[in-house]
Amino acid sequence: MFSEETLYSVALRHCPLIGDMVFRKLVSEIGSAKEVWKISKSGLKNIYGIGRKISLEIGNPNHLKFAEEELDFCEKNNIKINLRHLGDLPYHLNECEDAPAILYQKGSYDPARQPLSIVGTRNITPYGKMFVQDFLEEIKTKKVITVSGLALGVDTEVHEVSLQKNIPTAAVLAHGFHTLYPSKNKKLSERILEENGVLFTEFNSRQKPDRENFIQRNRVIAGLSPATIVVETAFGGGSISTATFANNYNREVYALPGKITDKYSQGCNQLIFQNKAAAIYTLSALAEQLGFHKESEKTGELFPSSEIRIQLPEIQQTLLKALDKNTPLSLDEISIKMQIPSYKILPDLLQLEISGYIKALSGRQYLAN
């Protein structure tokens, strides 16, 4: 059974012109959603910013009837209703100024796990798939829960690979729980719930997956986590909005760089260029930046071969193998060792230096970092 406060909260949020910010203002001024609903019209007019149109809708029995039906739907479908003003939202989301007043939930969410949002294009490439596979392998033993949007492409890959590696995953929807979009992912959503995951939405059971809902959904994805990873996206892709929300919330943003000629790396490269995201250069470094690896846990090579294979062209991988961490080699020595003219390898050495893989000494000598 749901409380009276839940009933009046759903009714209040259903009123036209009462969004999350107005809802929060009303409840903080008056004390509770129930008290807001019961207050006189004259009392509402005394609240700064609450005009006649808003006050006329509060107390409308049609909204209360909708709320009764909504609570009945939620009870029959095992849906939890989280109210922000009662402190029900996940910690990181609750910190956001524009967090949802109401968050519907199916499944279990473990607050002891560190949430990590991972998003990207619907047109995921083998490069993006390899990154998701290898990175989730890197962190699969950590107390993490992945967060994404259940869309096709990167989102689907994140949820599916998380399940394969026994990592709980959270999917944020752009519609109510009366439907599932995209329909291709209905079985995936069921598997998420079966494997201790969770589905979240701020939308009630009358709201369809309208286009504008996806931007709102993206702010919840960004808000749930202290960090967001953008795997692949084109210029102006939907993931750019998620990164923008994360930046506005003062959260960490990371982007997977790629070739400037690759359409679905161009958005990531732009985020990095504009200092809106940090470049991902190795899997272990990313895991460490996210707090999953402590110094004492580091073993083996600094740049495992799988990471180099994802991030670097073949000639740069060969260059790294040719260099030593303790004994510097000159440009000419490297050229002789690799049997490649020095002018051909100089640009790659420069790129490796910029990326932090090697250190350049005086006299054009180089060390592996």
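Quick caveat: nothing in here was measured; it's all calculated off a predicted structure.

Criteria and thresholds
- Along each chain, numbering runs from 1 in the same order as the chain's sequence is written.
- For a predicted model such as this one, the threshold for reporting local features is a pLDDT of at least 70, and the threshold for listing and counting side-chain atom pairs is 80 or more; totals across whole chains, interfaces and linings nevertheless cover every residue.
- Only hydrogens and water are set aside; all other atoms, that is, all heavy atoms of the structure, feed into the side-chain values.
- pLDDT measures the predictor's confidence residue by residue and takes values from 0 up to 100.
- Two residues form a contact once any of their heavy atoms are found within 4.5 Å.
- Numbering of helices and strands runs from the N terminus; a helix is a DSSP stretch of H or I covering at least four residues, while a strand is a stretch of E covering at least two.
- When accessible area is computed with a 1.4 Å probe and restricted to protein chains, residues below 20% of their type maximum are described as buried, those above 50% as exposed, and intermediate ones as partly exposed.
- DSSP-based pairing: two strands are paired if at least 2 bridges between them are found.
- Handedness of a crossover: with both strands directed away from the viewer, a clockwise path from the first strand across the helix to the second marks it as right-handed.
- Salt bridges are defined by distance alone: a side-chain nitrogen of Lys or Arg within 4 Å of a carboxyl oxygen of Asp or Glu.
- Throughout this description, the term nonpolar core refers to a set of buried Ala, Val, Leu, Ile, Met, Phe, Trp, Tyr and Cys residues connected via side-chain atoms within 4.5 Å.
- Only rings of Phe, Tyr and Trp enter the pairing, Trp through its six-membered ring, and a pair is recorded when the two centres are within 6.5 Å. The plane angle decides the type: under 30 degrees is stacked, over 60 is edge-to-face, the rest tilted.
- What the arc measures is the spread of directions leading from the helix axis to the C-beta atoms.

K.L.:
Explain the confidence of the model for the protein here, please?
P.N.:
If pLDDT is low for a region, its predicted coordinates should not be looked at in detail. Summarising the model, the protein shows a mean pLDDT of 90, and 93% of its residues fall at 70 or more. Overall, residues 295–303 carries pLDDT values under 50, and its contacts beyond four positions in sequence, including any with other chains, amount to 13 contacts. Predicted confidence is poor over residues 305–310, with pLDDT under 50, and the contacts of this stretch with residues over four places away or in other chains come to 17 contacts.

K.L.:
How do you make sense of the environment of Phe-200 when you look at a structure like this?
P.N.:
Along the chain, Phe-200 falls in strand β6 (residues 198–201). Linking Phe-200 and Tyr-104, residues 96 residues apart in sequence, is a C-alpha distance of 5.7 Å.

K.L.:
Any chance you could explain the side chain of Asn-185 here in plain terms?
P.N.:
In this structure, Asn-185 sits in the loop between β5 (169–172) and α10 (186–194). Accessibility expressed as a relative area gives 4% for Asn-185, which makes it buried. Those residues in contact with Asn-185, other than ones at most four positions away along the chain, are Leu-150, Ala-151, Leu-152, Thr-156 and Leu-180.

K.L.:
Would you mind going over the pairing of strand β8 (residues 252–255) with me for this structure?
P.N.:
Taken residue by residue, a regular strand's side chains alternate between the two faces of the sheet. Relative to β8, strand β7 (residues 227–230) runs parallel, the two being bridged by four bridges. Paired with Ala-227 across the bridge in β8 is Glu-252. The handedness of the β7 to β8 crossover, carried by helix α12 (residues 238–248), is right-handed. Pairing of β8 with strand β9 (residues 278–279), which is carried by two bridges, proceeds in the parallel orientation. Residue pairing across strands places Ala-255 opposite Ala-279, the latter belonging to β9.

K.L.:
Sorry if this is basic, but what is going on with the pattern of salt bridges here?
P.N.:
Here the idea is simple: oppositely charged side chains can pair when their charged atoms come close. Per the stated rule, a full pass over the model turns up 13 salt bridges. For the salt bridge of Glu-29 with Lys-25, the shortest nitrogen-to-oxygen distance reads 3.8 Å. Taken as a pair, Glu-29 and Lys-25 lie in helix α2 (residues 20–30) at a separation of four residues, close to a single helical turn. Between Arg-219 and Asp-98 there is a salt bridge, with its nearest N and O atoms 3.8 Å apart. Taken together, the positions of Arg-219 in helix α11 (residues 211–224) and Asp-98 in the loop between α7 (91–94) and β2 (102–107) put the pair 121 residues apart, joining distant regions of the chain.

K.L.:
Would you explain the nonpolar core in this entry?
P.N.:
A general tendency of soluble globular proteins is for nonpolar side chains to be buried together. Core analysis: the largest hydrophobic core is formed by 39 residues, its most contacted members being Leu-12, Leu-26 and Ile-58. At the level of secondary structure, the elements contributing two or more residues to this core comprise α1 (4–14), α2, α3 (33–38), α6 (61–76), β1 (80–83), β2 and α10. Among the nonpolar cores identified, the runner-up in size contains 28 residues, and Leu-89, Ala-243, Leu-271 and Ala-277 belong to it.

K.L.:
Looking at this structure, I do not really get the packing of aromatic side chains. What am I missing?
P.N.:
The description of an aromatic ring pair uses the distance of the two centres, along with the angle that the planes make with each other. For the structure on display, the rule yields six aromatic pairs. Judged by centre distance (6.4 Å) and plane angle (45°), the ring pair of Tyr-8 and Trp-37 falls under tilted. Residue Tyr-8 is found in helix α1, and its partner Trp-37 is found in helix α3; the two are separated by 29 residues along the sequence.

K.L.:
Quick question: what am I supposed to make of the sheet that holds β2 here?
P.N.:
In a beta sheet, neighbouring strands are held together by backbone hydrogen bonds and run either parallel or antiparallel to one another. Judged by pairing direction, the sheet is mixed, and its nine strands sit side by side in the order β1-β2-β6-β5-β4-β3-β7-β8-β9 without closing on themselves. A single partner strand is all that each edge strand has here, and the edge strands are β1 and β9. The sheet contact formed by β5 and β6 spans three bridges and is parallel. Directly across from Ala-170, in β6, lies its bridge partner Val-198.

K.L.:
Explain α2 here, please?
P.N.:
An α-helix turns once every 3.6 residues. As a result, residues three or four positions apart point the same way. Residues of α2 that are buried: Asp-20, Phe-23, Leu-26, Val-27 and Ile-30. Considered in projection along α2, the buried side chains sweep an arc of 130° and stay on one side of the axis. Once α2 finishes, Gly-31 follows within two positions and takes phi at roughly 125°, a positive value.

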